[in-house]
Amino acid sequence: MFSEQARKTAGQCRHYAMCKIDYLGNGLCPSGEKNHYVSHFPQGRMDIYHALCRGLVPISRGLVEIADSCDLCGICDKQCHFVTGMRPVEVMRALKAHVRDWLDQGNQPVFAGFDLDLEELRRIVGQKWASNDPAILLTYADDPFPLAGMRTPRYVVLPRTRKEVAALVRFANDRNLPYVVRGNGGSVFGFVFSDGLIMDMNRMKGIEIDPENWTARVEPGVTSFELQKEAVRHGLRANTAEPAATVCGNIVCTGLFSTWSNAYGVNADTFVDMEFIDSQGNFFRLNDPGTINAFCFEHKMKPSPGICTLAHVRLHPTSEDEEGLMVPFEDFEEAVVFARELSKRRIGLAVGVLGGHYLSTFMSPSADLADKVRFGLTNALGLRYVVFMIGDRYACEAVRSMHEFVIDSKLFRMLMLGLPRMGDDEWLDLVSGMQTDQPPYAILLSPEMHSLLEAVLRPSPQTAALAVDEDLQGFYEKLYARPEMTDMVWLNMFRIISARMSRRKHMFAFLVYVPLNRVEVTEQICTELGRIADKYGIEHDYGFLTPLDLGKRAILEYDYYIDHQDSLEKEKIRKAQQEFEPYLDNLSARTKGVKWLKYLFSQGCARKEAFLYT
Amino acid sequence: MTIPYHNQHTFLVTGGTGFLGSHVAMSLLSRGHQVLVLARGRNGRTAPQRMDRILDWFGLRKEQRLGLKVLQGDLNEPGLGLGAQDAGIVAGEAYEIVHCASDTSFSSRKREQVEKTNVLGLENLLNVIHKSKCRGFHLISTAYVAGRRSGLCAEGFDQAVEFHNVYEETKFRAEGIISEYCTQNSLNLHVYRPSIVYGNSSTGKTTLFNALYFPIRTLHFFQKLYARDILEFGGKKAREMGVRLDNDGVLHLPLRIQSSDECGLNLIPVNHFVEAFMAIRQGCPEGGVFHIVNPQRTTINRLADYTQRFFKLDGIRIAEPEEFVKQPRNGLEILFNNHIRYYSPYMQDKRIFENFRTSAILAGKNIACPEFSYPVFAICMDYALETDWGRLL
């Protein structure tokens, strides 16, 4: 018997791999930490349970071991709830119960079979680190990307060293076996699948900081979160992508970008050198004379230069007086112009334009609260967009002198810790009823109002925790008592709340480089993507925009939201693809400064000048 | 031309789910008229569902609703967003139009939206009725189209002046548009100009809790907020604002309201407005402009007294503008001020609205505007609390 509720939850795993990093400081899934395969992390068990319910995987020896290795410690419940609102423990429990019942009935688990090639792989990476068990393979076969199907590999291997990776390439070549490399398994674009061999880099976690050069050498299994943690320990900062994404994988795939890219750049700006293994199993570095030119850009889909085995990335200095500020706007164009002005004048490090949707979702510990708060922020307060900036005290002073209304770190903390009361109907009615020439936020967020706001919101970790299930409130109280959880600088460095964007549904993100001096181009892209989404009944919203290269260019994110388990929703996006793909292709080909990220795939090492100014 | 009035006429009422529109529609229906109501669907409810709820609220009997037909549309859309069949009904049946739909926002930030409803919406309506059998037009306007002037404001069309806000301006423009249209098309035109309308003076019932209600609601919110702070959280936030709870249960809420005691608000209850509307329509079929106002203004001091007495508050007082220069507003006063700022021209009102024509008609029918006394205030506040300021409606 399968639990319907557990099946539903299992099917909704977003594959963000947040259960594979200790981003809440409450530990990692012990089984995953020990075994490293995706299958041994909650993400893998969710996939396995969902596949079991659909009869897609037999109960194998591996599956029994995977189920048994979960001790129901509950760490994943907290981790997953923080970003998705889901509670995976019920799935873990259901999986264990199902397997135990099945065995109790006298059934024997399936043995994957003896395989000479597997033995050879085990000789390269060690007995434990190569597998052809169907349960393990299943967890490397699919992701929530709606436009790709399932592809089950023959083997999964977890190399530990660069030499092992080279040996694996030669092994695959000898047998004409296709292979792909997978970073942390946080895949959402349907790219990292193969019928042959999958190399999971999860065991290659080496980080070596060079404090003199402000650089770090990172192995391909190192995630952004882990690098940032290590960089911070040395008083430095990395320009990082999503916390669970691997640094090497990110650079090679699309190039690194974040709100810090305003100051730290993108793509080739972010590293000093990269080491690869080519298709013959030979090592090369991008800085080697006579090697392939990975710094150029071609407006077409290209393969990556090889398997990245080391990224020598740049780190950046920090100062103790850094603070995050948010400048509210009612109008998108005004917000963009302000962000461009900051970038042009070199004010601030991280800069971005966020909409009410992102802001409320990032700040809210639950999806329901996010919806309420979004209404409160945008409709009642008139706070439709914010320009978000992190800078030192000189940058903050400059921003304050440029704009009258600013949400500083103290006010942000108050809002975040009082958020459940921000959505209070009576309070919102009162605020909505104000008839003012200024946007209501200009009045409500003024310093004179802080005492009243505090009385209304009663900000505290206890208040913030009111937004979540009762049994999790104690955990959230402790979590929100930690200063970094309401610190804009920390949150933006470690980016642990950005995965909340997929809390309601899987997010299908469009990332497009745009010319920032032509706001109308950005507005047109948003309008057109919105129009297409509306036509096919797809939920959609503006994401964010970050200025680059002194305000000349920017990267824009616009998002569609779909239930990736709903075949109707998949069909909608398939139809929409017939329109958005040619639209963005044409725009990328014809409009200066516009480049859809699709063309950057596997060209992430390119110099930004090679694709932003063509 | 004068319209002969009888019950077979069909009225088209716009804004029929709104505050004044619903009262007018209700009154027409209860007198046995045929009424077409133009209304939008909203919050998951169709226009007929919304209208049904309103009529339930009025307690209108089912048989009295037989003359009603609800047309789902939108004044802001060309053709009023009506389908061909409904547009045909309007053209073929509507004999008199009662145009109540209006956007009452004062904020210049909402200019586009207010213009769209109050000016373009009227033009959309006129385009639809242009080839209809309509012979009379009733425009619900406002006494405050008088704009920035002092002294006597004529009960007739006057020259444009400066306006206090976009609402006044657009209602003035709407009067101009309809006046020209009716002259060109030989239609009877009644323009009704009420002052500030509050709930029913006998029952306190209302569907709208803005204008008079919002500032009082703000004070009530402060009262609950700080009473809770004192009783449950030790009162730190209350002390910061000088708020205290006295032994007799009265909350001391020191709050200054910028005003003077010479002037005050011109308030009329909605039941008086409806009575006056019906009387004028019948008593003066040739049309004209009519000020429906209260001969007595209510001073802010009196309103503050009523509020303190009803809600068990003290500390609220009137202050001269200079006082706010010496001692800037605190958070409570800033928020409160933002709820009354747009009403300050009406709080300081020294305009006298001429109403010879209206009062002559009303006097003939023994209709007088009820005084805004404490019992009337109390009954209105009882209803406001009973419905949680409309949230439970």
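Position numbers for residues count from 1 along each chain, tracking the sequence in the order it is written. To read the labels, note that chains go from A and ligands from 1, taken in the order they are written. A pLDDT threshold of at least 70 governs which residues receive local features in this predicted model, and a stricter bar of 80 or more applies before side-chain atom pairs are shown or counted, although totals over entire chains, interfaces and linings include all residues.

Draft legend 1. How the structure looks around the overall build of chain B. Where helices and strands are cited, they refer to DSSP runs of H or I of at least four residues and of E of at least two residues respectively, numbered from the N terminus. What chain B contains, in helices and strands, is 14 helices and 16 strands. Dimensions of chain B, computed from C-alpha atoms along their principal axes, come out at roughly 65 × 45 × 40 Å. With C-beta atoms placed from the backbone, a residue counts as buried when 20 or more other C-beta atoms lie within 10 Å of its own, as exposed when 12 or fewer do, and as partly exposed for counts between those limits. Of all 393 residues assigned to chain B, the portion counted as buried reaches 47%. Distance between backbone-placed C-beta atoms decides contact: two residues are in contact if it is within 7 Å. Expressed as a percentage of contacts within chain B between residues at least 6 apart in sequence, the contacts between residues at least 24 apart total 79%.

Draft legend 2. Here's a closer look at the overall build of chain A. The helix and strand inventory of chain A stands at 27 helices and 17 strands. Taken along its principal axes, the extent of the C-alpha atoms in chain A is 75 × 60 × 50 Å. Long-range contacts, defined as pairs at least 24 residues apart, comprise 73% of the intrachain contacts of chain A with a sequence gap of at least 6.

Draft legend 3. Seen up close, helix 4 (residues 61–69) of chain A. Taken together, the buried positions of helix 4 of chain A are occupied by Gly62(A), Leu63(A), Ile66(A) and Ala67(A). Projection of helix 4 of chain A onto a plane perpendicular to its axis shows the buried side chains occupying an angular sector of 130°, all on one side. As used here, the arc is the angular range of directions from the helix axis to the C-beta atoms.

Draft legend 4. A look at the pairing of strand 14 (residues 506–515) of chain A. All names here are of chain A. At least two bridges found by DSSP between two strands are what make those strands a pair. Two strands pair when backbone bridges link them, and strand 14 and strand 16 (residues 553–562) are joined in this way by 10 bridges, in the antiparallel orientation. Within the sheet, the bridge partner assigned to Ala-509 lies in strand 16 and is Asp-559. With two bridges connecting them, strand 14 and strand 17 (residues 595–596) associate as antiparallel partners. Residue pairing for strand 17: Tyr-513 is matched across the bridge by Lys-595.

Draft legend 5. The arrangement of the interface of chain A and chain B in detail. Across the contact, 17 residues belong to chain A and 25 residues belong to chain B. Put simply, the parts of the chain that give the side of chain A that touches chain B at least two residues each are helix 19 (425–432) and helix 21 (450–457) of chain A. Ranked by the residues each element gives to the side of chain A that touches chain B, the list is headed by helix 21 of chain A, at five residues.

Draft legend 6. Local environment of the confidence of the model for chain B. Residues and elements named next belong to chain B. Residue-level confidence of the predictor is what pLDDT reports, using numbers from 0 through 100. The share of residues in chain B with pLDDT of 70 or more is 98%, and the mean pLDDT across the chain is 92. Ranking the helices and strands of chain B by mean pLDDT puts helix 14 (residues 374–386) first, with 98, and helix 12 (residues 344–347) last, with 80. Residue range residues 1–6 is modelled with pLDDT below 50. Its contacts to residues more than four positions away, or to other chains, number 11 contacts. Here the predicted complex carries an ipTM of 0.82, next to a pTM of 0.87.

Draft legend 7. Summary view of the domain arrangement of chain A. All names here are of chain A. Throughout, the edges of the domains are those of an automatic or database domain assignment. As assigned here, chain A comprises domain 1 (4–104), domain 2 (207–317), domain 3 (321–501) and domain 4 (505–600 + 607–614). Of note, the centres of domain 2 and domain 4, computed from C-alpha atoms alone, are 25 Å apart. Across the boundary between the two partners, domain 2 contributes 15 residues, which contact 12 residues of domain 4. Considered class by class, the residues forming the side of domain 2 that touches domain 4 number six nonpolar, eight polar and one charged. Residues are sorted three ways: Asp, Glu, Lys and Arg are charged, Ala, Val, Leu, Ile, Met, Phe, Trp, Tyr, Cys and Pro are nonpolar, and all the rest, Gly among them, are polar.

Draft legend 8. Highlighting helix 8 (residues 270–283) of chain B. Spanning 14 residues, helix 8 of chain B covers 19 Å between terminal C-alpha atoms, matching the ideal 20 Å at 1.5 Å per step. When we look at burial in helix 8 of chain B, the residues that qualify are Val270(B), His272(B), Phe273(B), Ala276(B), Phe277(B), Ala279(B), Ile280(B) and Arg281(B). To estimate how far a helix should reach, multiply one less than its number of residues by 1.5 Å.

Draft legend 9. Broad picture of the nonpolar core. Under the definition applied here, buried Ala, Val, Leu, Ile, Met, Phe, Trp, Tyr and Cys residues are grouped into a nonpolar core through C-beta atoms within 7 Å. Counting residues in each nonpolar core, the largest one holds 312 residues, and the members touching the most others are Ile48(A), Val157(A), Ala311(A), Val386(A), Val387(A), Met389(A) and Val37(B). If we skip the residues at most four places from it in the chain, Ala311(A) touches Val218(A), Val247(A), Cys248(A), Ile251(A), Phe271(A) and Met274(A).

Draft legend 10. Just unusual backbone geometry, in detail. The phi angle at Arg495(A) is positive, at roughly 55°, despite the residue not being glycine. Relative to the helices and strands, Arg495(A) resides in the loop between helix 24 (488–494) and strand 14. A positive phi angle is found at Asn366(B), which is not glycine, with a value near 55°.

Draft legend 11. Structural detail: the domain arrangement of chain B. In terms of domains, chain B is made up of domain 1 (10–194) and domain 2 (213–262 + 299–347). The C-alpha centroid of domain 2 of chain B is placed 36 Å from the C-alpha centroid of domain 1 of chain B.

Draft legend 12. Broad picture of the sheet that holds strand 13 (residues 385–391) of chain A. An order of 11-13-12-15-16-14-17 (chain A) is seen for the seven strands of this open sheet, with the pairing classed as antiparallel. On the outer flanks of this sheet lie strand 11 (323–329) and strand 17 of chain A, each paired with one strand and no other.

Draft legend 13. Up close: the packing of helix 1 (residues 4–11) of chain A against helix 6 (residues 89–104) of chain A. Residues and elements named next belong to chain A. Interaxial distance between helix 1 and helix 6 falls to 9 Å at its minimum, and their mutual angle equals 120°. Classified by the interaxial angle, the pair formed by helix 1 and helix 6 is oblique. Crossing hand, helix 1 versus helix 6: left-handed. Taken together, the residues of helix 6 that come into contact with helix 1 (itself represented by Gln-5, Ala-6, Thr-9 and Ala-10) are Glu-90, Val-91 and Ala-94. Each residue belonging to the contact of helix 1 with helix 6 can be placed in one class, and the counts come to four nonpolar, two polar and one charged. All axes here are fitted lines through C-alpha atoms, helices being fitted over the stretch that makes contact, and every angle between N-to-C directions spans 0 to 180 degrees. Angle categories: roughly parallel below 35 degrees, roughly antiparallel above 145, roughly perpendicular from 65 to 115, and oblique for all the rest. By definition, any crossing whose near helix is turned counterclockwise from its far helix by less than a right angle is left-handed, and any crossing with a clockwise turn is right-handed.

Draft legend 14. Up close: the packing of helix 6 (residues 213–233) of chain B against helix 11 (residues 331–340) of chain B. Residue and element names in this part refer to chain B. As a packed pair, helix 6 and helix 11 sit with axes 8 Å apart at the nearest point and diverge in direction by 160°. By the angle between their directions, the pair helix 6 and helix 11 is classed as roughly antiparallel. Considering only the axes of helix 6 and helix 11, their crossing is right-handed. Along the contact surface, helix 6 presents Phe-214, Pro-215, Thr-218 and Phe-222, while helix 11 presents Leu-332, Leu-335, Phe-336, His-339 and Ile-340. Of the residues in the contact of helix 6 with helix 11, the class split is seven nonpolar, two polar and no charged.

Draft legend 15. Highlighting the environment of His138(B). Residues and elements named next belong to chain B. By the secondary structure assignment, His-138 is in strand 5 (residues 136–140). For His-138, a count of 22 C-beta atoms within 10 Å corresponds to the buried category. Along the primary structure His-138 and Glu-96 are separated by 42 residues, whereas in three dimensions their C-alpha atoms are 7.5 Å apart. Dropping the residues within four chain positions of it, His-138 is found in contact with Glu-96, Ile-97, Val-98, His-99, His-190, Tyr-192 and Arg-281.

Draft legend 16. Representation of the sheet that holds strand 3 (residues 68–72) of chain B within the structure. All names here are of chain B. Spatially, the seven strands line up as an open sheet ordered 3-2-1-4-5-7-13, and their pairing is parallel. At either end of the open sheet lies a strand with only one pairing partner, and these are strand 3 and strand 13 (288–292). When strand polarity is set aside, the average angle formed by the axes of neighbouring strands in this sheet is 20°. The sheet contact formed by strand 1 (residues 10–14) and strand 4 (residues 94–99) spans five bridges and is parallel. Residue pairing in the sheet places Phe-11 in a bridge with Glu-96 of strand 4.

Draft legend 17. View of the environment of Lys128(A). Within the secondary structure, Lys128(A) sits in the loop between helix 7 (116–125) and strand 1 (130–131). A sequence separation of 93 residues divides Lys128(A) from Asn35(A), and the C-alpha atoms of the two residues are 8.5 Å apart.

Draft legend 18. A look at the pairing of strand 2 (residues 34–39) of chain B. Residues and elements named next belong to chain B. Extensive coverage of strand 2 is indicated by the burial of five of its six residues. As paired strands, strand 1 and strand 2 are joined by five bridges and run parallel to one another. By the bridge assignment for strand 2, Thr-14 is matched with Leu-38. Handedness rule for crossovers: strands pointing away from the viewer, path from the first strand over the helix to the second running clockwise, crossover right-handed. Viewed along the sheet, the connection from strand 1 through helix 1 (residues 19–30) into strand 2 turns out right-handed. The handedness of the strand 2 to strand 3 crossover, carried by helix 2 (residues 47–58), is right-handed.

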